[in-house]
Amino acid sequence: MKEIVAKNQVELGSARCIQLALSGIMFRLFRSSITIVILGLAVAFLAHMLAYSVISGTTERAIWAELEAERSLGVRLRRLESPDAFASLLLQFQKQDAHRLAEYSRWGALSASEMEQTLRRAALVADFERAVQNFTNRQRAILAGDRNAIELLEYIVSPEALNAFLERCRQIEVRSPLGSREALETLVTVEWPALQEVLHRVREGHRRAVAQLERELEGQRISDALIQTPEEVKGAAEAVGFYTAAYDFDRLAAFARDARHQRRVEESIGSLRIRQSLAGRLNVPPVEIHSLRVMEWIAENKDHAAELDQLLGETEGVEAIGADNLYRVATHFLKFRRLQSLVPIAPDLDAEDRFFGLDQSGRWLILLAFLVCVIGVANAMLMSVTERFTEIATMKCLGAMDKFIMMMFVFEAAIQGLVGGIFGALFGVFLAWVRGVSEFGGTLVLAGVFGTVLLSALLALTVGILLAVLAAVGPSFAAARLAPMEAMRVE
Amino acid sequence: MIMTAENEKPKQTPPDRAVIVRTLDLEKVYGSGEAATYALNGVDSTIMRGELIAIMGPSGSGKSTYFNMIGALDAPTKGRILIDEVDVAQLSASELAFLRCRKIGYIFQSYNLIRYMTALENVTVPMTFSGTTPEDARRRGMELLDLVGLGDRWQHRPIEMSGGQQQRVAIARSLANQPQILLADEPTANLDFQTGEEVLEILRKINQERGVTVICSTHDHRLLYLCNRIMWIRDGKVERVEKRENMTIKTGKIGGES
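Residues numbered from 1 in each chain as written. Chains lettered and ligands numbered in written order. Predicted model: local features only at pLDDT ≥ 70, side-chain atom pairs only at ≥ 80, totals over all residues. Heavy atoms only, no water.

A few points about the nonpolar core
Part 1 of the argument: Leu80(A), Phe93(A), Leu213(A) and Phe242(A) are the most contacted members of the largest nonpolar core, which totals 55 residues.
Part 2 of the argument: Here this core takes 11 residues from helix α9 (residues 181-216) of chain A, the largest share from any one element.
Part 3 of the argument: Not counting residues within four places of it along the chain, the set of residues in contact with Leu80(A) comprises Val210(A), Leu213(A), Ile222(A), Ala237(A), Phe242(A), Tyr247(A), Phe249(A) and Leu252(A).
Part 4 of the argument: Counting 40 residues, the second largest nonpolar core, distinct from the first, contains Tyr111(B), Leu175(B), Ile202(B) and Ile206(B). (Core = buried A, V, L, I, M, F, W, Y, C linked by side-chain atoms within 4.5 Å. Buried < 20%, exposed > 50% of the residue type's maximum accessible area, 1.4 Å probe, protein only. Helix = DSSP H or I, 4+ residues; strand = E, 2+ residues; numbered from the N terminus. Contact = heavy atoms within 4.5 Å.)

Right, here's the structure in full:
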């Protein structure tokens, strides 16, 4: 009778594995905590990069929108007072903004077919401009000299110039703009003059509308009238063909008023009496009094605003504006100055759709930081496994299956990754918030970023756990595969 | 040390006892080519069920290698190992694990307890691997610790115990799943005289009371008075096998070698 019958070993559940892994971690608390810290730092870095990218991107876009709104108020006010520039007209026809086109078709008395033709021509010119812009610097020097696209377009109107241009294109193997000679020739000789004619007509119409508006307001300056009776100006502007539905006349009036107040402060600094008096108060020589310094001084507190207002009232030929107005203008001025310095150029609006709004250098940085972390974690895991070869061998002698041993290490790594990852993700997001506050201060926009920030923290956490598990699989697989005695001998 | 005839009277040894471990032309080579070293060079041996066999030999004789082979802890380069007439080489990884877990108990020279577990946890590890429920494991673990006289120290960790105590925990662990074979690799080498004797006494008890086959490699000559047979290994070969009754034990001389 055989007493020893070899059967398959029972397979153990993961609960027991986790239990073993946990007691292992507790016993080697110091070593484990170093691994956890390394993992935590990796996750913190990743979470920080992602969260900060989201926070700063959102804030920058919000600031830019505010700046744009302010700028567009300026543009609207100016358009009520003087006709659009030729280049801006061309641009509007190319952008095909419906409100502007409605105004232009009224002022230029454009029929539907004329409008269609004009839009087509403007698009052709846009194609030409794009082609010229796509030239390399060298090609551009050879083909256009120091002319810009429009100047080039007007230059090649003569057949000789056109021929020379196309000849040069052929020589340096550049595809001529618009492709064929015929297309280019039609553009310069027919389409462009016709387009110019329409644009001039529209501009003239706009000028007439402005003149008529001024007449309606009985010689008042338009911005002055706007401050006093915005509704009246709105009616008059509508009557002369402005598309007033797109304009918020109350805001426009406030903008005009602030602009006037600001202008008045700047003008008053020119007065010797005020300048000297301010110099005394600010404790600087009179030559160093300029509008920014004065605005900063006013914004310090309302008493300063009241002082300056009194000064303005006492001075001949200058009107007081009211301390509150002064204070508001100064803070507004400084706020926009600050916003402009925070976001000097348009933020990348496409960034929103990209991976957490990261730009290319951000992605490289993450990749690089990642490599370092992978090596750090892999090393920590390798050490942790090799110093436990005896333990692994003993367990195998006692009947542990390879799978169980691997599972134990993987669970251990996953637990370490989880603990390190949670702390790391929280820390990283916290740092991103601190950095955002220190950079943007009160203008930091956190509305609507919560979900994405949470997502970036979770992503960083997941990556951390995966990283730890992957780093543990290799060495523990090698150790588990060895025959028990070989593992013991490795010591 | 002077032996008296009574206290180690070997128990009855029926001549037709079944063979439990058999090795055929066992070879183990480390390295290859010119550097090849034969740790074992053609070992044929049989070990009977229920006996207590001592494996002796000088250091480097291949004793430990032989020991690992019959414990299915290492694979031979050539030859076969039959445990209960089953070729170990034929077993799958899972079956090997089963064999190590339930049929063979191991006792190591350096104890090899798991450092972060208490005595009881160490003893119950093999039971965990064999799928015993935690309650059963705990109960049996306590019984085993009582057997080796450590019932009151069940929650001590290895670091809090002496070498002798650790080795006794290791013995309790090796008995966890009621193995048929107990392999002890120099179990007394790291222990002082007195503790060594205690350990040997436990081994003898297990062999006699539970009928467990005990295979024990050792330099400790006290074992000679307890065992049924002695196998000498030298240079990777079985030099000779003697029944204890046929052996003259000379005290005051080095070794049983003549």
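Things to note about a nonpolar patch on the surface
Residue and element names in this part refer to chain A.
Part 1 of the argument: A contiguous nonpolar patch, built from Phe427, Phe430, Leu431, Trp433, Val434, Val437 and Leu446 and spanning about 600 Å² of accessible area, is present on the exposed surface.
Part 2 of the argument: In this structure, Trp433 sits in helix α19 (residues 402-440).
Part 3 of the argument: Taking relative accessible area as the criterion, Trp433 reaches 41% and is therefore assigned partly exposed. (Patch = residues over 30% accessible without salt bridge, like charges linked within 9 Å, V, L, I, M, F, W, Y side chains within 5 Å. Areas by Shrake-Rupley, 256 points an atom, 1.4 Å probe, with all protein chains shown as cover. Salt bridge = Lys/Arg side-chain N within 4 Å of Asp/Glu carboxyl O.)

Structural notes on the pattern of salt bridges
Part 1 of the argument: Enumeration according to the criterion identifies 38 salt bridges over all chains in this entry.
Part 2 of the argument: Close ionic contact of Glu68(A) with Arg71(A) constitutes a salt bridge, the shortest N to O distance being 2.7 Å. Pair noted here: Glu68(A) and Arg71(A) are both in helix α2 (residues 29-81), with a separation of three residues, about one helical turn.
Part 3 of the argument: Taking relative accessible area as the criterion, Arg71(A) reaches 32% and is therefore assigned partly exposed.
Part 4 of the argument: The shortest N-O distance in the salt bridge between Arg139(B) and Asp136(B) comes to 3.6 Å. Residue Arg139(B) and its partner Asp136(B) are both found in helix α4 (residues 134-147); the two are separated by three residues, about one turn of the helix.
Part 5 of the argument: On the accessibility criterion, Arg139(B) (44% relative accessible area) is partly exposed.

What to know about the domain arrangement of chain A
Part 1 of the argument: Taken domain by domain, chain A consists of domain 1 (14-68 + 358-490), domain 2 (81-250) and domain 3 (254-345).
Part 2 of the argument: Domain 1 of chain A and domain 2 of chain A are separated by 57 Å when their C-alpha centres are compared. (Domains from an automatic or database assignment.)

Overview of the sheet that holds strand β5 (residues 86-87) of chain B
All names here are of chain B.
Part 1 of the argument: Within the open sheet, the four strands sit side by side as β2-β1-β4-β5. Their pairing is antiparallel. In this open sheet, the two strands that pair with only one neighbour each are β2 (37-48) and β5.
Part 2 of the argument: Here five bridges tie strand β1 (residues 19-30) to strand β4 (residues 78-83), and the two strands are oriented antiparallel to one another. Bridge pairing links Val21 to Ile83 in β4. (Pairing = 2+ DSSP bridges.)

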